[in-house]
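An overview of the molecular structure
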Amino acid sequence: MKTLMLGNEAFARGLYEAGCSFVSSYPGTPSTEITECAAKYEELYAEWAPNEKVALEAAFGASLAGKRSFCAMKHVGLNVAADPLFTISYTGVNAGLLIGVADDAGMHSSQNEQDSRHYAQAAKIPMLEPSDSAEALHFAKLAYELSEKFDTAVLIKMCTRVSHSQSVVETGERVLPAQKKYEKNPGKYIMMPGNAKKRHPEIEERTKALAAWAETAEINRIEEGSDKSYGIITSSTCYQYVKEACGDTYPVLKLGMIWPMPEQKIRDFAASVDKLVVVEELDGFIEAHCRNLGLSVSGKDMFSNVGELSQNLVKEKLGIAVQAGASLDENIPARPPVMCAGCPHRSIFYVLKKMKLTVLGDIGCYTLGAVPPLSAIDSTVCMGASVSGLHGFVKASEEEWAGRTVAVIGDSTFIHSGVTGLINIAYNESNATVIILDNSITGMTGHQQNPTTGYNLKGDPCTKIDLESLCRAVGIRRVRVVDPYDMAACQAAIEEELSAKEPSVIISRRPCALLKYVKHPGPICSDTEKCKGCKACMNIGCPAISMENGKAKIDPTLCVGCGVCKQLCKFDALG
Amino acid sequence: MGKCRLCGGMRGNMETKNIMIVGVGGQGTLLASKLLGRLLLGKGYDVKVSEVHGMSQRGGSVVTYVRWGDRVYSPIIDKGQADCILSFELLEAARYTEYLKKGGRIIVNSQQVNPMPVIAGTVAYPENLEEKLAALGIQVDAIDALTLAEKAGSSKAVNLVLMGKLANHFDFTPEEWMDAIEHSVPSKFLELNKKAFELGRSA
């Protein structure tokens, strides 16, 4: 049956049809829906793991036990999972093991623009790169065959435009392979030096065998063109841009597998055209490989290694006319994302700003605490870096900074990799104050459950990790809970913990305002008689409050009645 | 209103058609693209619908691309390619004007949603945008979708009002639209959404 599917949904369908039985992932845009869609198939066990390293190791365990398994992550998640990745390369698999990684060129929702293809080469693991939903489905099935045939994990690289575009797919039936028997095999599965030394040459041989397979693989195909002045090598969404820009004018070598690459096929293709051009987003990965083959090639001298490409960009660089539309000669105000009305993070950031504290931030919705008017965050690096960074900051600080610096981290991010930083704070005794912004959900990626929520991916009740007990268990004696809507209490708690002579954790607890079960009191009203137009309420950056004719105005369609603005009004005009 | 047929071209030599759906995160732009995608696929076209999730959903500017034809390659619409921009908010229509093809059409909800820089008073919301867009030679169909949605029963039905307005440019039958709506909205809001669609269609 033909149907429209998101690339991520089609990927999940491919997993299902290939008989994948175990999925463990950590959410991250643009990869999240692969796992969410997989979880909708009852025949398939799917879970959210605390982080990507755990997810990959769990998927490896399931492969070892004999079931086809999978884990998904965004590009930066692969950094977290890199440790098992490089050694799983050596062990190989029992049943097929796939790793889905979604890059985010253009940084629609990410903190960097890394190119995950380098991991395939570095870890010596094959990587397939679908260019639309149909290929996402097809490649998932093919990748399991490759995984088992060549005894290797297989990476499937998605990107925002493939993950989050719907295109037409034809679905098939699920074929469940028999469970593979687990057999003890120390030389293959115990990677200590003696065994690993024997495995490494086998991995090099495996890469050669995969490269030989790549030479004749249908997914690395040449599409003939009428004009051989250019020959274009491309993959992923760039293939679509090239075909749209050039149609069948120039010959195209479309790589479905970008590691290892088919050397002879590339050489033959290069020899058949006047000028070889690689069209790829971010780094010149394929281009570098062509250069290693001694070929004369263009790529990053024509196309930037920053941001996304598009059909118009391809046209421009190949000298094809582009018809731009009319642009309005007008300063169009930006519309940046904002914290939602009623967001429990807003008031905490207001308090932190008011107290003029240095705030080491983390990854989540609350990163928006960095933008005006709150502007309350000093640094954001990666998952967990707020807590570990705070330890170093406090230890290395001059006296004047002592008691003036905190870390803020969400509940899901804390479990992901904040808790190890907290262990360091306790163990190496830095007088740090960590604020856990517990909104009882993984918010930014669209409301995924996590170990602190009491529900699993399938929505069933499960063990709920108690954050207070966890913090105490790692050695933090001062642990307290505050309600972020009560700003006076928050300020008092933060002052007290900053002045304490030992590390502390403040849990700012209130569920995300968008969660369906959260009951709101309803919009508040502004009294234009009482309002003096002082704009104190404007300092929290609430999208529901604006000024009209010099008076505060509440948008009743947005306001949920959290009451934070009321606490700022000295004239009792909001109620 | 002149009819620009967005759909109904001969299969076999049809150029790719493009609609951009733009608005503010949370306005329901994704439902509109889902509905269109379903209808177009049903007609046998190759279809691509592209969305952006994550950070941009938090009240930010959002854009969805809907493309169809004999063979659609790129999932995105580039500058100068859109046959039509369906905008859920006035400023957002202005933001993406460059993406419109010469002679293209903008269907716009005349509602203004102030972005944070405007709320904060650092910049002003541009004035007379509808007139300025028309002055560029763009066909502008403005509609007060919010008022019509409220008339239908909920301010949240703005998306169906706009779909109704857009429907006038397609050759789908009323039954086909209703079938697509039934498959895309929760059953308890079905009547409300159908009403919103009809109000938009006749506006």
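Residues numbered from 1 in each chain as written. Chains lettered and ligands numbered in written order. Predicted model: local features only at pLDDT ≥ 70, side-chain atom pairs only at ≥ 80, totals over all residues.

Description of the overall build of chain B
- The helix and strand tally for chain B stands at eight helices and six strands.
- Starting at the N terminus, the α and β elements of chain B follow one another as β-α-β-β-β-α-β-α-α-β-α-α-α-α.
- The proportion of buried residues among the 203 residues of chain B is 55%. (Helix = DSSP H or I, 4+ residues; strand = E, 2+ residues; numbered from the N terminus. Buried ≥ 20, exposed ≤ 12 C-beta atoms within 10 Å, placed from the backbone.)

Points about the environment of I34 of chain A
Residue and element names in this part refer to chain A.
- Along the chain, I34 turns up in helix α2 (residues 32-38).
- For I34 and C246, which are 212 residues apart along the polypeptide, the C-alpha to C-alpha distance reads 32 Å.
- When neighbours within four sequence positions are excluded, I34 is seen to be in contact with N8, F11, A12, A72 and G100. (Contact = placed C-beta atoms within 7 Å.)

Side note on the domain arrangement of chain A
All names here are of chain A.
- For chain A, the assigned domains read domain 1 (2-216), domain 2 (220-317), domain 3 (344-509) and domain 4 (520-575).
- Taking only C-alpha atoms, the centre of domain 1 and the centre of domain 3 are 33 Å apart.
- Between domain 1 and domain 3, the contact holds 13 residues from the first and 16 residues from the second.
- Among the elements that make up the side of domain 1 that touches domain 3, the one with the highest residue count is strand β3 (residues 45-48) (three residues).
- In the side of domain 1 that touches domain 3, the residues fall into seven nonpolar, five polar and one charged. (Domains from an automatic or database assignment. Nonpolar A, V, L, I, M, F, W, Y, C, P; charged D, E, K, R; others polar.)

Description of the nonpolar core
- Membership of the largest hydrophobic core comes to 162 residues, with the highest contact counts inside it found for M20 and I85 of chain B.
- It is helix α7 (residues 133-150) of chain A that provides the largest number of residues to this core, a total of eight residues.
- Two domains each provide a minimum of three residues to this core, namely domain 1 (2-216) and domain 2 (220-317) of chain A.
- What I85 of chain B contacts, discounting residues up to four positions off in sequence, is M20, V22, A93, Y96, Y99, L100 and I106 of chain B.
- Counting 64 residues, the second-largest nonpolar core is a separate cluster that includes C343, I348, I415 and C559 of chain A. (Core = buried A, V, L, I, M, F, W, Y, C linked by C-beta atoms within 7 Å.)

Description of the sheet that holds strand β5 (residues 97-103) of chain A
Residue and element names in this part refer to chain A.
- A sheet is described by the order of its strands in space; here seven strands give the open sequence β3-β2-β4-β5-β7-β6-β12, paired in mixed fashion. What marks the edges here is a single partner per strand, and that holds for β3 and β12 (257-259).
- Pairing of strand β2 (residues 22-25) with strand β4 (residues 69-74), which is carried by two bridges, proceeds in the parallel orientation. Bridge pairing links F22 to S69 in β4. (Pairing = 2+ DSSP bridges.)

Let's talk about the interface of chain B and chain A
- With 52 residues of chain B at the contact, the number on the chain A side is 49 residues.
- For the side of chain B that touches chain A, the elements supplying multiple residues, two or more each, are α1 (29-42), β2 (46-50), α2 (90-95), β5 (100-109), α3 (116-119) and α4 (129-135) of chain B.
- For the side of chain B that touches chain A, the leading source of residues is β2 of chain B, giving five residues.
- Taken together, the residues of the side of chain B that touches chain A break down into 24 nonpolar, 16 polar and 12 charged.

Some thoughts on the sheet that holds strand β18 (residues 478-482) of chain A
Residues and elements named next belong to chain A.
- With parallel pairing, the five strands of this open sheet are ordered in space as β15-β16-β17-β19-β18. Of all the strands in the sheet, the pair left with one neighbour each is β15 (358-360) and β18. Here the average twist between neighbouring strands, direction ignored, is 25°.
- When strand β16 (residues 405-410) meets strand β17 (residues 433-438), the two strands line up parallel, connected through five bridges. (Axes fitted to C-alpha atoms, helices over the stretch in contact; angles between N-to-C directions.)

Thoughts on unusual backbone geometry
Residue and element names in this part refer to chain A.
- Cis geometry is found at the peptide bond from T29 to P30, where omega equals 10°.
- Residue placement: P30 occurs in the loop between β2 and α2.
- With an omega dihedral of -10°, the bond running from W259 to P260 counts as a cis peptide bond.
- Look at E429: it is not a glycine, yet its phi comes out positive at around 50°.
- By the element assignment, E429 lies in the loop between α17 (411-427) and β17.
- Positive phi values are uncommon outside glycine, yet K535 reaches one of about 70°.
- Here K535 shows up in the loop between β19 (504-509) and β20 (545-548).

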